[in-house]
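Understanding the architecture of this molecule
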Amino acid sequence: MLQYTIRRLISIIPVMLVVSIIVFMIVHLTPGNPAYLILGEDSSQEAVQQLEEQLGLNQPIVVQFFDWVINVFKGDLGESVYSSEPVLSIILDRIGPTFSVMLISMIFTLVIAIPVAIFVVWKRQTALDPLFISASLLGASIPEFWFAMLLVLGLGVSIPIFPVAGYIPMAEGVLPWLHHLILPSFVLATVEIGLISRMLRDGMLEAVNQDYTKTARAKGIKESAVLMKHVFANALIPTTTVIGVTIAGLLGGTVIIETIFTIPGIGQLLIDSIHRRDYPVIQGVVLFIAVIYVVINLLVDLLYGLLDPRIRYD
Amino acid sequence: MNKRLSRLLISIFTILFLAACGNQDQSADGAGDNKEPAGDPVEGGTLTVAYPSEPDTLDWMATGATPTRDIAWHIFEPLLALDNDYQVQPMIAEDFTVSDDETLYTITLRDDVNFHDGSTVTVEDVIASLDRWRTISSVGRESDRFIKSVTAIDDKTIEIQLSEVYNAFLSDMAAPKNALMIIPAEIAEEAGEQPLTPEQLIGTGPYQFDNWDRGSEIVLTKFEDYTAREEADLGGLTGEKVAYFDQLDFQIVKDPQVAINGIKTDLYDYALSIPNDLYEVVETDPTIDPVSYINGYSTITPDKSEPPFDDIKVREALHLALDKEAIAEATYGNSDFYSFDGALFDPEQTLLYSEEGTENYLNHDPEQAKELLEESDYNGESLKIMHSNDSETYKRISQVMKQQLEEVGFTIELVPLEWATYLEQWSDPANWDMVVVGWSTRFSPNELGMLVNDTNSSGWYDSERWRGLIDDWAVASDDEERLDILSEMNQTVWEELPFIKVANETRLDIKGEQVQLKETWVGPRFWGAWKGE
């Protein structure tokens, strides 16, 4: 197990290297450069060249790349072209809001998706099942930005229960923090609820008629216990995979949600930096997201061993 | 794409909703109507402003960017400043005099003007600020060419000796762009050519810098020891400034729909730069007041360094083929948001505005355009119109003009680009034949970026005549002479056609109905503003 974990952690390095090469290339091959943006529309050519020199943008792209990679290995992600703040501290500043949204929407997802799926499987012979299928499909396919706007109009403007936008750090009060997070997190959770509950229901229905379930029933175990102990437990493995992918996917979803709800998180930071061609920040953020992705996948793999004792890592 | 669709959906939804609620107040007055403040000012509280883009810095001297200016002019004050009529008035200065030979400027300072750090403004601070302005400000660098020496006469007076007559010097010093703001000498020297860091944001304004949460908000608080001037009626950036609010909170809100919802639910009090398309939504809501003011104009600039537009005949054909009225109507929709005026400055800028010389502006004659094109060497090569697709306005102008130009025989290709890409592509004449872009209000002919010779922003305009006028401007001795030069400038632009003006644009802001604003002049300033009960 430990050996496996270490092996997996080491394998992160080549992944990161590939990611960084791709990001660096895409970012630097995109037309536009920060010197023009900083100096504005009536800048002179000399001023632009001077600033490019100052920012090190006049060097060959290969030199810029190796400079950057070497610094990354030293733990230095560089500085923002605009604010001259270290990229790492910018990311750390912005990670709070994003993680908050992700956390609350994950709670929403699990608290709603799992009970709903179990209930639907329990009542599988009724009209509930087709109804559930339509609802989960709707949830998974509803466009986030549209749903967000609708919720804001309904529960923010018409019936003002929730704030229409903004973010308050947890340090300034847990309740206001939560109050501002409910709408964005719920929107983000909708897709995930649709996906995960559907996944869990399918897995459970598959297990419902397996031999081991029949045996359990034949032993006289109550249906509820059969569902929870035998059916649910067996359906958890594929569901966990989906949950893992989902958490990582939430990071992408926050880009839209943060814009609509003006939450100053990683997603907004990324979009802003792209518009401003703030190269070090874009590279830093993408690298950071890649690390999170890889780590979550690793955690999911390790979790399999806990959920299913038959799985061994040798 | 997502944003547009969502805006559309929201607009439809909101309109339906409002229609259902019974649309009482359809007779709402035009967007140009900015109501006079009502009642007695209320002190205290926080004004929350939804600002659409985050400034890169709050150093008003280092950049001419609008987001910087809109926030920084609450914190900093220039030595001289423009009043409501765009006249140069003293601000930190008590008074100024110009010698008879027009080369010696004597400026006296007001007593005991406080900086936010507790110190008071001294002659050394002014000279250090002036030195920094001469090196880092694009306006200051212009003036620097004429400045021979700056000397402190006593602890209240400085003398600036120019090497030759340069009458734009006063308006340069008062320009609200890359401004000659007064900061403590040690900060000016420490910062040098670098933009001020947040710790260095020490000015003399009615509000002081408190906190900048990147990506989220910029907070200013009332400066209790503010040293106010006494003139109550100057307006603009000088005269008496009273801070009624305890705090100004500029929140970065990029989506205008969020800003509108925020105003409706009292989350924000004021929001800047709402797209004109949303005017209907704003106007029909009784809780939102629209605020509008002229903010520059839209232009079409041909690339004059290469064929076909190096030929004045083809530029003439371009000008005559364009029906500006049709373009403006299709682009801005509501006639409150544009006006036709061929002048280089806004009508409100009384000392810079001349109507004369703009007679050709609205000429429209497709037949003659066809003839001119036939006479020229242009043979139907495809021409590129480049514009930024971040702005709905310039996209629409490009689309309508493509149609109009093709009718007279041009072949047109549209090149929509994202702003950062656009700025880069702009620098090379090979990338474009025409650009469509807007220019915000300028304060001196020197600042007209679309006419600065041999630059990409002017489309490589190269005119003896224009350069001569700029030189004349520098030495013009009185307002009358200056007006003559301005008329001559208009004439030159409409004869040489370095760019073609489409229409004056109006910027739309919105505010909650309780918020009372004194005036908007170029952009909103929140001293003198308060929030009613």
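Per chain, residues are indexed from 1 in the order of the written sequence. Ligands are numbered from 1 and chains lettered from A, in the order in which they are written. Side-chain atom pairs in this predicted model are given and counted only at pLDDT of 80 or more, local residue features only at pLDDT of at least 70, and totals for whole chains, interfaces and linings cover all residues.

With that out of the way, let us pick up the overall build of chain B. Along its length, chain B carries 15 helices and 19 strands. Referenced to the eigenvectors of the C-alpha coordinate spread, the extents of chain B come out at roughly 70 × 65 × 35 Å. Exposure classification rests on a simple neighbour count of other C-beta atoms within 10 Å of a residue's own: a residue reaching 20 or more is buried, one at 12 or fewer is exposed, and one in between is partly exposed. C-beta atoms are placed from the backbone. Looking at the 533 residues of chain B, the share that counts as buried comes to 50%. This entry defines residue contacts through backbone-placed C-beta atoms, with two residues in contact when those atoms are within 7 Å. Across chain B, every contact between residues at least 6 apart in sequence was considered, and the portion connecting residues at least 24 apart equals 72%. Numbering of helices and strands runs from the N terminus; a helix is a DSSP stretch of H or I covering at least four residues, while a strand is a stretch of E covering at least two.

This next bit is on the pairing of strand 7 (residues 157-162) of chain B. Residues and elements named next belong to chain B. In strand 7, alternate side chains face the same way, and those of I158, I160 and L162 are buried while those of T157, E159 and Q161 on the opposite face are not. Pairing geometry for strand 6 (residues 147-154) and strand 7, over six bridges, is antiparallel. Paired with S149 across the two strands is Q161, which belongs to strand 7. Whether two strands pair depends on DSSP finding at least two bridges between them.

This next bit is on the pairing of strand 10 (residues 247-252) of chain B. Residue and element names in this part refer to chain B. Within strand 10, five of the six residues are buried, which leaves it mostly tucked inside the rest of the structure. Across six bridges, strand 1 (residues 46-51) lies against strand 10 in parallel orientation. By the bridge assignment, L47 is partnered in strand 10 with L248. Sheet analysis places strand 9 (residues 217-222) next to strand 10, joined by five bridges and oriented antiparallel. From the neighbouring strand, E217 faces strand 10, where its bridge partner is Q251.

Residues and elements named next belong to chain B. Under the domain assignment used here, chain B contains domain 1 (53-222) and domain 2 (294-507). Inter-centroid distance (C-alpha atoms) of domain 1 to domain 2 is 32 Å. Facing 17 residues of domain 1, the contacting portion of domain 2 comprises 14 residues. Those elements that provide at least two residues to the side of domain 1 that touches domain 2 are helix 4 (138-144) and helix 5 (169-173). Bear in mind that the domain bounds are from an automatic or database domain assignment.

Residue and element names in this part refer to chain B. Residue P308 is bonded to the preceding P307 through a cis peptide linkage, with omega at 0°. Tracing the backbone shows P308 in the loop between strand 12 (288-302) and helix 9 (312-321). Non-glycine residue Y86 carries a positive phi angle of around 65°. For Y86, the position within the fold is in the loop between strand 2 (80-82) and strand 3 (88-90). Residue N178 is not a glycine yet carries a positive backbone phi of 45°.

What follows deals with the sheet that holds strand 6 of chain B. Residues and elements named next belong to chain B. Spatial ordering of the open sheet is given by 4-5-7-6, a layout of four strands whose pairing is antiparallel. In this open sheet, the two strands that pair with only one neighbour each are strand 4 (93-98) and strand 6. Shown here is a sheet whose adjacent strand axes are inclined to one another by a mean of 20°, direction ignored. Between the N-to-C directions of two axes lies an angle of 0 to 180 degrees, each axis being a line fitted to C-alpha atoms and, for a helix, fitted only over the stretch in contact.

What follows concerns helix 7 (residues 256-264) of chain B. Side chains that are three or four residues apart share a direction in an α-helix, a result of its 3.6 residues per turn. Residues and elements named next belong to chain B. Of all nine residues making up helix 7, nine are buried, and the element is well covered by its neighbours. Regarding helix 7, the residues found buried are P256, Q257, V258, A259, I260, N261, G262, I263 and K264. Residue D266 follows helix 7 closely and has a positive phi angle near 65°.

With that settled, consider the interface of chain A and chain B. Across the contact, 37 residues belong to chain A and 30 residues belong to chain B. Of all the elements in the fold, those that place two or more residues in the side of chain A that touches chain B are helix 2 (34-39), helix 5 (87-122), helix 7 (144-158), helix 10 (223-260) and helix 11 (266-276) of chain A. Among the elements that make up the side of chain A that touches chain B, the one with the highest residue count is helix 7 of chain A (seven residues). When residues are grouped by polarity, Ala, Val, Leu, Ile, Met, Phe, Trp, Tyr, Cys and Pro land in nonpolar, Asp, Glu, Lys and Arg in charged, and all others, Gly among them, in polar. Looking at the side of chain A that touches chain B residue by residue, the class counts come to 19 nonpolar, twelve polar and six charged.

What follows is about the confidence of the model for chain B. The pLDDT value tells you how sure the predictor is about a given residue, anywhere from 0 up to 100. Averaged over all residues, the pLDDT of chain B equals 88, while 93% of them reach at least 70. Taken together, the chains of this predicted complex give a pTM of 0.84 and an interface ipTM of 0.81.

Next up on the list: the packing of helix 7 of chain A against helix 8 (residues 174-208) of chain A. What describes two packed helices is the angle between their axes and the distance between those same axes. Residues and elements named next belong to chain A. With their axes 10 Å apart at the nearest point, helix 7 and helix 8 run at an angle of 140° to one another. Taken together, helix 7 and helix 8 sit at an angle that is classed as oblique. Between helix 7 and helix 8 lies a crossing of right-handed hand. Residues E144, F147, A148, L151, V152, L155 and G156 of helix 7 touch helix 8, and the partners they reach there are L183, V187, T190 and V191. Partitioned by chemical class, the residues of the contact of helix 7 with helix 8 number eight nonpolar, two polar and one charged. In what follows, roughly perpendicular refers to angles from 65 to 115 degrees, roughly parallel to angles under 35, roughly antiparallel to angles over 145, and oblique to any angle outside these ranges. Crossings are assigned a handedness: left-handed for a near helix turned anticlockwise from the far helix by less than a right angle, right-handed for a clockwise turn.

Relative to the elements of secondary structure, V291 of chain A occurs in helix 12 (residues 279-307). Expressed as a C-alpha distance, the spacing of V291 of chain A and K123 of chain A, which sit 168 residues apart in the sequence, is 41 Å.

On to the environment of D308 of chain A. Residue and element names in this part refer to chain A. Assignment of secondary structure puts D308 in the segment after helix 12. Judged by local crowding, D308 falls into the partly exposed class, with 14 C-beta atoms found within 10 Å. Separated by 100 residues in the primary sequence, D308 and V208 have C-alpha atoms spaced 18 Å apart.

Quick look at the nonpolar core now. A set of buried Ala, Val, Leu, Ile, Met, Phe, Trp, Tyr and Cys residues, joined through C-beta atoms within 7 Å, is what we mean by a nonpolar core. Counting residues in hydrophobic clusters, the biggest one holds 211 residues, and the most contacted among them are V285 of chain A together with L79, A259, A271 and A317 of chain B. Ranked by residue count, the leading element in this core is helix 8 of chain A, at 13 residues. Structurally, this core is a two-domain feature, drawing no fewer than three residues from each of domain 1 (53-222) and domain 2 (294-507) of chain B. Other than its neighbours up to four places away in sequence, V285 of chain A contacts I91, I266, L269, L270 and S273 of chain A.

With that settled, the discussion passes to helix 5 of chain A. Across its 36 residues, helix 5 of chain A extends 51 Å between first and last C-alpha, which sits within 8% of the 52 Å expected from 1.5 Å per residue. In this analysis the local bend is the angle between axes fitted, respectively, to the seven residues ending at and the seven residues starting at the residue. At I95 of chain A, helix 5 of chain A shows its largest kink, close to 35°, and the proline P97 of chain A lies no more than four residues downstream. Given the number of residues in a helix, its expected span is that number minus one, multiplied by 1.5 Å.

Turning to the packing of helix 14 (residues 464-475) of chain B against helix 15 (residues 479-496) of chain B, a few remarks are in order. Residues and elements named next belong to chain B. Here helix 14 crosses helix 15 at 165°, and the two axes come no closer than 10 Å. By the angle between their directions, the pair helix 14 and helix 15 is classed as roughly antiparallel. Helix 15 is crossed by helix 14, and the crossing has left-handed handedness. The segment helix 14 lies against helix 15, with R465, W466, L469, D472 and W473 engaging I485, E488, M489 and T492. Among the residues making up the contact of helix 14 with helix 15, the classes are represented as five nonpolar, one polar and three charged.

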